[in-house]
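Next come the chains, spelled out residue by residue.
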Amino acid sequence: MDYRMENQELLDKFQAYVDAENKVEAKDWMPDGYRKTLIRQIAQHAHSEVVGMLPEGNWITRAPSLRRKAILLAKVQDEAGHGLYLYSAVETMGVTRDQLIDELHTGKAKYSSIFNYPTISWADIGAIGWLVDGAAIVNQVSLQRTSYGPYSRAMIRICKEESFHQRQGYEIMIALAKGTPEQKRMAQDAFNRWWWPSLMMFGPSDANSEHSAQNIRWKIKRHGNDELRQKFVDMTVPQAEYLGLTIPDPDLRWNEERGHYDFGDINWDEFNQVIRGNGPCNKQRLEARKKAHEDGAWVRDAAVAYARKQQEKSRTGEAAA
Ligand code: BYC
């Protein structure tokens, strides 16, 4: 049902409830449109965390030292945990995990565009932590105040871990940028490739954002895509300067009047291609996820069999008692 068709009185009450900064909980009445858009957004977010393990997972066996390997392993495991919090948050809205996974595997559900780019050097792991987790934090800090309780609570936990992720990436970038000329070249090359896709993570500009206006009214989103993107640029430019790296944008300059950095045009054709499934690694990512799901079937079967056995035991135990 279209949310505009629902009882006006209920809709007004709901709006007043979120306007007063109350959290909506799973059993509360909510407009159908609110439920739908949240399922879409949280599921996309959960899938992003899980698919996001792949580009970095590619470097676990090739990390340059035991210390780097242990840190990367922990970070990638954290992303799996974030996926689990978020899948649990969507499930509170009445969808099953199987449905969600099926939508990812059949290409019906989106995941963040950023994870469709390849990780071709160790410096990419630094760039992902610094830029991708950095962009994710800007977006997610604002989502901690989202109006849906289970999503908000998941975001609070996730943000704590994301700041460690961002720092580990920046630390790799410092080591490379202040290292040998060859290492600095690697860092600049990774920066050149990840900068623009990181800006795309924030989604289409507000004028073309289908869901922003309504989602801001419902306090699902607290800021528009452009505002968060600008915040990320303003925060990241001084970090790049500290590293001595060049921002791959000839139009980037400080705008005294606006009090922000101006930056060049984003290639929205590229963004649209990537979100339609035609990015450099879309096919590879989905195939890897499907294979992992199939290979893990025995674990799910064993878990279900074990739970059944336990239930049976407690039933027969109760009967005997
Ligand atoms: N990629 O109306 P709009 C991480 C879609 S993972 C793909 O502005 P909305 C990490 C959008 O879905 C963190 N699709 O939408 C993990 C919509 O399509 P549909 C990932 C995108 O929802 C591992 C259409 O474009 N973070 O941190 O109001 C390692 C129109 O857009 C993208 C999240 O998922 C995109 N970039 O705003 C390292 C944050 N952008 O659904 C790190 C949660 C837009 O109508 N999500 N689309 O077919 C959000 O905050 C919002 O959903 C967005 C988009 C800002 C992304």
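Here goes a summary of the coordinates provided. (Residues numbered from 1 in each chain as written. Predicted model: local features only at pLDDT ≥ 70, side-chain atom pairs only at ≥ 80, totals over all residues. Heavy atoms only, no water.)

## With respect to the environment of glutamine 168
Okay, so step 1: Examined against the element boundaries, glutamine 168 turns out to sit in helix H7 (residues 149-177).
Okay, so step 2: Judged by its relative accessible area of 6%, glutamine 168 falls in the buried class.
Okay, so step 3: The spatial distance from the C-alpha of glutamine 168 to the C-alpha of glutamine 41 is 27 Å, given a sequence separation of 127 residues.
Okay, so step 4: Setting aside residues up to four positions removed in sequence, glutamine 168 forms contacts with Ile71, Lys75, Ile125 and Gly129. (Helix = DSSP H or I, 4+ residues; strand = E, 2+ residues; numbered from the N terminus. Buried < 20%, exposed > 50% of the residue type's maximum accessible area, 1.4 Å probe, protein only. Contact = heavy atoms within 4.5 Å.)

## Things to note about the packing of helix H2 (residues 32-51) against helix H4 (residues 66-91)
Okay, so step 1: Here H2 crosses H4 at 160 degrees, and the two axes come no closer than 7 Å. What the angle tells us is that H2 and H4 run roughly antiparallel. The handedness of the crossing between H2 and H4 comes out as left-handed. For the pair H2 and H4, the contacting residues are Ile39, Ile42, Ala43, His45, Ala46, His47, Glu49 and Val50 in the first and Glu79, His82, Gly83, Leu86, Tyr87, Ala89 and Val90 in the second. (Axes fitted to C-alpha atoms, helices over the stretch in contact; angles between N-to-C directions. Parallel < 35°, antiparallel > 145°, perpendicular 65-115°, else oblique. Left-handed = near helix turned anticlockwise from the far one by under 90°.)

## With respect to the packing of aromatic side chains
Okay, so step 1: One pass over the structure, following the stated rule, counts twelve aromatic pairs.
Okay, so step 2: Between phenylalanine 191 and tryptophan 195 the ring centres are 5.8 Å apart and the planes differ by 80 degrees, which places this aromatic pair in the edge-to-face class. With phenylalanine 191 and tryptophan 195 both in helix H8 (residues 181-200) and four residues apart, the pair spans about one turn of that helix.
Okay, so step 3: The exposure class assigned to phenylalanine 191 is buried, which follows from its relative accessible area of 0%.
Okay, so step 4: Relative to phenylalanine 271, the ring of tryptophan 268 has its centre 5.4 Å away and its plane inclined at 90 degrees; by these criteria the two rings are edge-to-face. (Phe/Tyr/Trp six-rings, centres within 6.5 Å; stacked < 30°, edge-to-face > 60°.)

## Some remarks on the site of the ligand
Okay, so step 1: Around the ligand, the structure places 35 residues, and the nearest of them are Gln44, Lys110, Ser209, His211 and Lys221.
Okay, so step 2: Contact between the ligand and glutamine 44: an oxygen atom at 2.5 Å from a side-chain N or O atom of the residue.
Okay, so step 3: For the ligand, an oxygen atom lies 2.6 Å from a polar atom in the side chain of lysine 221.
Okay, so step 4: Within the residue set of the shell around the ligand, elements represented by two or more residues are H2, H4, helix H6 (122-143), H7 and helix H11 (268-278).
Okay, so step 5: Partitioned by chemical class, the residues of the shell around the ligand number twelve nonpolar, 13 polar and ten charged. (Near = heavy atom within 4 Å. Polar contact = N/O pair within 3.5 Å; in protein donor to acceptor, adjacent residues only side chain to side chain. Nonpolar A, V, L, I, M, F, W, Y, C, P; charged D, E, K, R; others polar.)

## Details of unusual backbone geometry
Okay, so step 1: Notably, glutamate 21 is not glycine yet its phi reads approximately 70 degrees, a positive angle.
Okay, so step 2: Looking at where glutamate 21 falls in the secondary structure, it is placed in the loop between helix H1 (8-19) and H2.
Okay, so step 3: Exposure remark for glutamate 21: the relative accessible area of 41% places this residue in the partly exposed category.
Okay, so step 4: One non-glycine residue, lysine 219, lies in positive phi territory at about 60 degrees.
Okay, so step 5: Tracing the backbone through its elements, the reader meets lysine 219 in the loop between helix H9 (212-217) and helix H10 (225-243).

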